[in-house]
Amino acid sequence: MNIQSFEILARAALSFDLRVGDKIKIISPHGHQVADFFAFNASNPAEYLSARHTLVSSTRHLYPRAGQIFLTSLRRPILKFVEDGANEQHEMLLAACDPARYQLLGVEGHHASCAENLQVVMAARGILVTEIPQPLNLFSSTRAEPDGTIITHPNSSQPGDYCIFQMLRDCIVVVSACPFDVETQFPVNVGGPHGLEVSVGKI
Ligand SMILES: [Zn+2]
């Protein structure tokens, strides 16, 4: 596959068909913007990239780091984090934002969310996602403190930060530009939300 480039609009998501060996590069042109990253086995979407299985059986680490191999819900390798151009500003602690989260935060009416974004782009493929996998939260400054407290620090990722993953099997990858904008309480996306850029192929 030649390299193809895409723009993900603020608050929106795109899905990508990637073959084993292909790479995907997620770029944050504005900085300070979280990307929720999901991956599914292309031939069986019920099998998905699982943060929890990965940290038990592969990485033994709370955070995504370059060189790590991520596993599926069946503990099989699905992709590798091959290059981190974002100074390790990633986590997989927080569930994807969803309509209930915004309701709890006092938002009235509809609010775009990463969970809904995932469901919409997968539904367009005829795939019903009822359980939202734990995403890799790329470009996120949320951290667990030594005492176990989870703190969402102001998003310190920088313009041009990027991550590259390589597929270890054929995948459907979904990237959501997190729509979170309730910044007075949690500075998830500072000054945003913003869009993202994605390149796929033999990067
Ligand atoms: Zn989100």
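Analysis parameters
- Residues numbered from 1 in each chain as written.
- Predicted model: local features only at pLDDT ≥ 70, side-chain atom pairs only at ≥ 80, totals over all residues.
- Helix = DSSP H or I, 4+ residues; strand = E, 2+ residues; numbered from the N terminus.
- Rg over C-alpha atoms; globule rule 2.2 N^0.38 Å.
- Buried ≥ 20, exposed ≤ 12 C-beta atoms within 10 Å, placed from the backbone.
- Contact = placed C-beta atoms within 7 Å.
- Pairing = 2+ DSSP bridges.
- Core = buried A, V, L, I, M, F, W, Y, C linked by C-beta atoms within 7 Å.
- Axes fitted to C-alpha atoms, helices over the stretch in contact; angles between N-to-C directions.

K.L.:
Explain the overall build of the protein chain here, please?
P.N.:
When helices and strands are tallied, the protein chain shows three helices and 14 strands. A compact globule built from 203 residues would reach a C-alpha radius of gyration of about 17 Å, and the protein chain, at 16 Å, matches this within 12%. Reported as C-alpha extents along the three principal axes, the dimensions of the protein chain are approximately 40 × 40 × 30 Å. Taking all 203 residues of the protein chain together, the buried fraction comes to 41%. For the protein chain, the share of sequence-separated contacts (at least 6 apart) that also reach a separation of at least 24 residues comes to 72%.

K.L.:
Looking at this model, I keep getting lost on the pairing of strand β4 (residues 35–41). Mind explaining?
P.N.:
Every other side chain in a regular strand lies on the same face of the sheet, so the side chains alternate between the two faces. The element β4 is extensively covered by neighbouring structure, given that six of its seven residues are classed as buried. Here β4 pairs with strand β9 (residues 136–138) via three bridges, running antiparallel. Bridge assignment links D36 to a residue of β9, and that residue is N137. The loop that links β4 with its antiparallel partner strand β5 (residues 44–48) comprises two residues.

K.L.:
Where do I start with the nonpolar core in this structure?
P.N.:
Burial of nonpolar side chains together is a common tendency in soluble globular proteins. In terms of nonpolar packing, the biggest core is built from 46 residues, with I26, A35, A39, L138, C171 and V175 touching the most fellow members. Examining the composition of this core, we find that six residues originate from one element, strand β13 (residues 171–177), more than from any other. Those residues in contact with L138 that lie beyond four places of it in its chain are I26, V34, A35, F37, A86, H90 and C163.

K.L.:
How should I be thinking about unusual backbone geometry in this particular structure?
P.N.:
Most of the time, phi is negative for any residue but glycine, and the peptide bond is trans. The omega torsion across G192 and P193 is 10°, close enough to zero to call that bond cis. Here N87, not a glycine, exhibits a phi torsion of approximately 55°, which is positive. Examined against the element boundaries, N87 turns out to sit in the loop between β7 (77–85) and β8 (90–91). For N87, a count of 11 C-beta atoms within 10 Å translates into the label exposed. If you check the backbone angles, F139 has positive phi at about 60° while not being a glycine. In this fold, F139 is placed in the loop between β9 and β10 (142–144).

K.L.:
Sorry if this is basic, but what is going on with the sheet that holds β7 here?
P.N.:
Note on sheets: strands pair through backbone hydrogen bonds, and any given pair is parallel or antiparallel. Ordered in space as β1-β14-β3-β12-β7-β6, the six strands form an open sheet in which the pairing is antiparallel. The open sheet has two edge strands, β1 (4–8) and β6 (69–71), and neither has a second partner. Direction aside, the axes of adjacent strands within the sheet are offset by 25° on average. Sheet analysis places strand β3 (residues 23–28) next to strand β14 (residues 196–201), joined by five bridges and oriented antiparallel. Bridging from a neighbouring strand, K23 pairs with G201 of β14.

K.L.:
I keep staring at the environment of S199 and nothing clicks. Help me out?
P.N.:
Take S199: it is sitting in strand β14. Separated by 15 residues in sequence, S199 and T184 have C-alpha atoms that sit 33 Å apart. With sequence-adjacent residues up to four places away left out, S199 is seen in contact with I3, Q4, S5 and K25.

K.L.:
Explain the pairing of β3 here, please?
P.N.:
Taking burial as the measure, the six residues of β3 include five buried ones, the bulk of the element. Inspection of the sheet shows β3 paired to strand β12 (residues 161–167) by six bridges, in the antiparallel sense. Paired with I24 across the bridge in β12 is F165.

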